[in-house]
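Inside the fold
The residues making up each chain are set out below.
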Amino acid sequence: MLKIKSSTLAALLICAGKKDVRYYLNGVYFTANKAGRPIAVATEGSVLLAVEIDAPSLPFAPRIIPREALEQAAKAKGEVEIGLTEITLRSGTKIPYQPIDGRFPDYTRILPPTEREAGEPILDSQYVADFTKVAQLLTGIKGSPVLFSPGGAKEAVLVRFTTAEAVGVVMPMLRGELPDFDRSLFEEGSTKREEVPA
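Throughout what follows, the structure given in this document is the object of discussion. (Residues numbered from 1 in each chain as written. Predicted model: local features only at pLDDT ≥ 70, side-chain atom pairs only at ≥ 80, totals over all residues. Heavy atoms only, no water.)

Another aspect to go through is the overall build of the protein. Helices and strands together make up the secondary structure of the protein, namely three helices and 11 strands. Listed by position from the N terminus, the elements making up the protein come as β-α-β-β-β-β-α-β-β-β-α-β-β-β. Here the protein holds 198 residues, and the buried ones make up 39% of them. In the protein, of all internal contacts separated by at least 6 residues, the share reaching a separation of at least 24 is 60%. For the protein, the accessible area works out to roughly 12500 Å², and carbon and sulfur atoms hold 52% of it. (Helix = DSSP H or I, 4+ residues; strand = E, 2+ residues; numbered from the N terminus. Buried < 20%, exposed > 50% of the residue type's maximum accessible area, 1.4 Å probe, protein only. Contact = heavy atoms within 4.5 Å. Areas by Shrake-Rupley, 256 points an atom, 1.4 Å probe, with all protein chains shown as cover.)

Turning to the pairing of strand S2 (residues 27–32), a few remarks are in order. In terms of burial, S2 is a largely internal element, five of the six residues being buried. Relative to strand S5 (residues 63–66), S2 is paired through four bridges, and the arrangement is antiparallel. Across the sheet, Val28 pairs through a bridge with Ile65, a residue of S5. As judged from the four bridges shared by S2 and strand S3 (residues 38–43), these two strands associate in the antiparallel manner. The partner of Tyr29 across the bridge, within S3, is Val41. Connecting S2 to the antiparallel partner S3 that follows it, the hairpin turn spans five residues, and Gly36 within it adopts a positive phi of roughly 90°. (Pairing = 2+ DSSP bridges.)

Within strand S4 (residues 47–52), five of the six residues are buried, which leaves it mostly tucked inside the rest of the structure. Sheet topology note: the S3/S4 ladder contains five bridges and is antiparallel. Bridging from a neighbouring strand, Ala40 pairs with Val51 of S4. The loop that links S3 with its antiparallel partner S4 comprises three residues; one of these, Gly45, has a positive phi angle of about 110°. Bridge count for S4 against strand S11 (residues 166–170) is five bridges, and the pairing is antiparallel. In the sheet register, Val51 faces S11, and the bridge partner there is Ala166.

Nothing here speaks to function; it is all geometry.
Rendered as structure tokens:
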């Protein structure tokens, strides 16, 4: 059994596909990293969240667990245990699931390199808001900081949290432009300010 916090599942589901035609994205991928530690990965194509799980190893073969089963488990409080074919809640309730029969995409291809080019990507504001929710779910702290590290104007943006066990990725918008920043538009003119009586 693999123990995982229900709040971590909730954070992963923010980035997972929802009724996506690419059915293999409609769940969370559980696998192991190079050190053999379990990780959970969710993406819907434009955003990605990967979380290292505090366990020595993955107790089952890599698999995609369907969103529907994980949504039920995410509503529980505390830790849940993921087994081969069911998720067990703290209350003892068991949620059966059938792993999604599909190949999860090679998510490591979009993880940005450690050294990145300079640039200012344009991000969808909803994705920025989603990662604010993810940070709160992962840390349990409202207003938890999130760092967006651009890799260049058209490269994936690395999203980091105060917990080192999780990393996110946001793909920049390919369409749309923002006007250049013009400081002079926001500077005060030469007119004298009126004193406001106290």
